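Coordinate inspection notes
Read off the chains here:
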Amino acid sequence: MMSEPESTPVLDIERPHSARMYDYFLEGKDNYPADREAAEKVLAAAPNARVMARENRAFMVRAARYLAGEVGIRQFLDIGTGLPTTPNLHEVVQAVAPDARVVYTDNDPLVLVHARALLTSTPQGRTAYLDADLRDPIAILTAGEVRDTLDLRQPVALSLIAIMHFVEDADDPYGLVAQLLDGLPSGSALMLSHVTADHDPAVSEVAALYRTGGIPTAVRSRAEVGGFFGGLNLVTPGVAVVHRWRPDTSAAAVGDGGLRDAEVSVYGAVALKP
């Protein structure tokens, strides 16, 4: 079952929000005029934004399936959850291991509303939602929702999908990830994706549009994204544009094989903690 926070969320729909813009790129319905207006400006500057969102989501599915299936991890801490979009992380991992446990963490009130309604679990597993900010790792690791759902003495997969590019250098993004990993035992994992302008300079323009809308955003190079995995053992193929990370070779995915790196412009990787 899922824990339910008691606080009543207050939605700010007058300003764009990254989670709701992402929902719009994925052709979802949980967004507002301010989000759609900002998203359309992004699409005008970078028409591949929908491809980026779609391929990022597909990477999450493959990475989570790998960690639950091949590595055997049964606990997942997902920070920067965003709005529920099928398949959600718990649906992916519980399809592999019905007893898997997932804690979702975000600080957007709209995500909280939908988490209460949509994030369910198998009878064997558990799913919980924590309203918290990535910039406070200690509060996340010590929260009751985390401690009651996950056993931090056992391996945990830390999921940071398309969230670290919303943390600018001034907020010490590498230090935040290190603090989170420090609280997890040997055998844990990090799955992370991050936008880049390495292959398409228009992505830098997109970042500027996000910042104009009040959303802190930073694009990073392959080497900079690799910095998040310091001290970890990268899983082959290492840091790669997400559609090239262990691509699905099924017939349904063949159509994505012709994508150029510039169309995707998102790096992703999975690594294990020694």
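Nothing here was measured: the structure is a model prediction, and the numbers come from that model.

1. Observations concerning the environment of Leu67
- Positionally, Leu67 belongs in helix α3 (residues 49–71).
- Residue classification places Leu67 among the buried positions, given a relative accessible area of 0%.
- Residues Leu67 and Val96 lie 29 residues apart in sequence; the distance between their C-alpha atoms is 9.8 Å.
- If near-sequence neighbours (up to four positions away) are discounted, Leu67 is found in contact with Gly72, Ile73, Phe76, Ala157, Ala189, Met191, Val270 and Leu272.

2. A word on the pattern of salt bridges
- Overall, the coordinates contain eleven salt bridges when judged by the stated rule.
- Put simply, Asp133 and Arg135 hold a salt bridge, and the shortest N to O gap is 3.4 Å.
- We note a salt bridge from Asp169 to Arg220, for which the minimum N-O separation is 2.9 Å. Within this pair, whereas Asp169 is found in the loop between β4 (157–161) and α8 (173–182), its partner Arg220 is found in the loop between α9 (202–212) and α10 (222–226), the two being separated by 51 residues in sequence.
- Residue classification places Arg220 among the buried residues on the basis of a relative accessible area of 3%.

3. Considering helix α2 (residues 33–45)
- The terminal C-alpha atoms of α2 lie 19 Å apart, and with 13 residues this matches the ideal 18 Å at 1.5 Å per residue to within 8%.
- Listed in full, the buried residues belonging to α2 are Ala34, Asp35, Ala38, Ala39, Val42, Leu43 and Ala45.
- Along its buried surface, α2 packs onto α1 (18–25), α3 and α9.

4. So, the environment of Phe59
- Here Phe59 shows up in helix α3.
- Judged by its relative accessible area of 0%, Phe59 falls in the buried class.
- Along the primary structure Phe59 and Pro247 are separated by 188 residues, whereas in three dimensions their C-alpha atoms are 8.3 Å apart.

5. Describing the packing of aromatic side chains
- All chains considered together, the criterion is met by four aromatic pairs.
- Ring centres of Phe166 and Tyr210 lie 5.8 Å apart, and the angle between their planes is 40°; on these two criteria the pair is classed as tilted. In this pair, Phe166 is assigned in the loop between β4 and α8 and Tyr210 in helix α9, connecting sequence segments 44 residues apart.
- Residue classification places Phe166 among the buried positions, given a relative accessible area of 14%.
- An aromatic cluster is defined as three or more aromatic residues linked by ring pairs; in this entry it consists of Phe59, Tyr66 and Trp245.
- Here the guanidinium or amino end of Arg50 rests over the ring plane of Tyr24, the centre of that ring lying 5.0 Å away.

6. Some points on the pairing of strand β5 (residues 189–195)
- Of all seven residues that make up β5, seven are buried, and the element is covered over most of its length.
- Side chains Ala189, Met191, Ser193 and Val195 of β5 all project onto a buried face; the interleaved residues Leu190, Leu192 and His194 project onto the opposite face, where all are buried too.
- Strand direction decides the pairing type here: β5 and strand β8 (residues 266–272), joined by seven bridges, are antiparallel. Residue pairing in the sheet places Ser193 in a bridge with Gly268 of β8.

7. Comments concerning the packing of α1 against α2
- Viewed as axis vectors pointing N to C, α1 and α2 meet at an angle of 65°, and their least axial separation amounts to 9 Å. Relative to α2, α1 is oriented so that their crossing is right-handed. Contact residues: α1 offers Arg20, Met21, Tyr24 and Phe25, while α2 offers Asp35, Arg36, Ala38, Ala39, Glu40, Val42 and Leu43.

8. As for the nonpolar core
- One finds Phe25, Leu77, Leu160 and Phe229 to be the most contacted residues of the largest nonpolar core, which totals 91 residues.
- Looking at this core, the element that brings in the most residues is α3, giving twelve residues.
- Discounting residues that sit within four places of it in the chain, Phe25 has contacts with Ala39, Val42, Leu43, Ala49, Arg50, Ala53 and Tyr210.

9. Some points on the packing of α3 against helix α4 (residues 89–96)
- Contact geometry for α3 and α4: axes closest at 9 Å, N-to-C directions at 35°. The element α3 and its partner α4 pack so that their crossing is right-handed. On the side of α3, the interface is formed by Met60, Val61, Ala64, Arg65, Ala68 and Gly69, while α4 contributes Leu89, Val92, Val93 and Val96.
- A per-class count over the contact of α3 with α4 returns eight nonpolar, one polar and one charged.

Rules and cut-offs
Residues numbered from 1 in each chain as written. Predicted model: local features only at pLDDT ≥ 70, side-chain atom pairs only at ≥ 80, totals over all residues. Heavy atoms only, no water. Helix = DSSP H or I, 4+ residues; strand = E, 2+ residues; numbered from the N terminus. Buried < 20%, exposed > 50% of the residue type's maximum accessible area, 1.4 Å probe, protein only. Contact = heavy atoms within 4.5 Å. Salt bridge = Lys/Arg side-chain N within 4 Å of Asp/Glu carboxyl O. Expected span 1.5 Å × (residues − 1). Phe/Tyr/Trp six-rings, centres within 6.5 Å; stacked < 30°, edge-to-face > 60°. Lys NZ or Arg CZ within 6 Å of the ring centre and 35° of its normal. Pairing = 2+ DSSP bridges. Axes fitted to C-alpha atoms, helices over the stretch in contact; angles between N-to-C directions. Left-handed = near helix turned anticlockwise from the far one by under 90°. Core = buried A, V, L, I, M, F, W, Y, C linked by side-chain atoms within 4.5 Å. Nonpolar A, V, L, I, M, F, W, Y, C, P; charged D, E, K, R; others polar.

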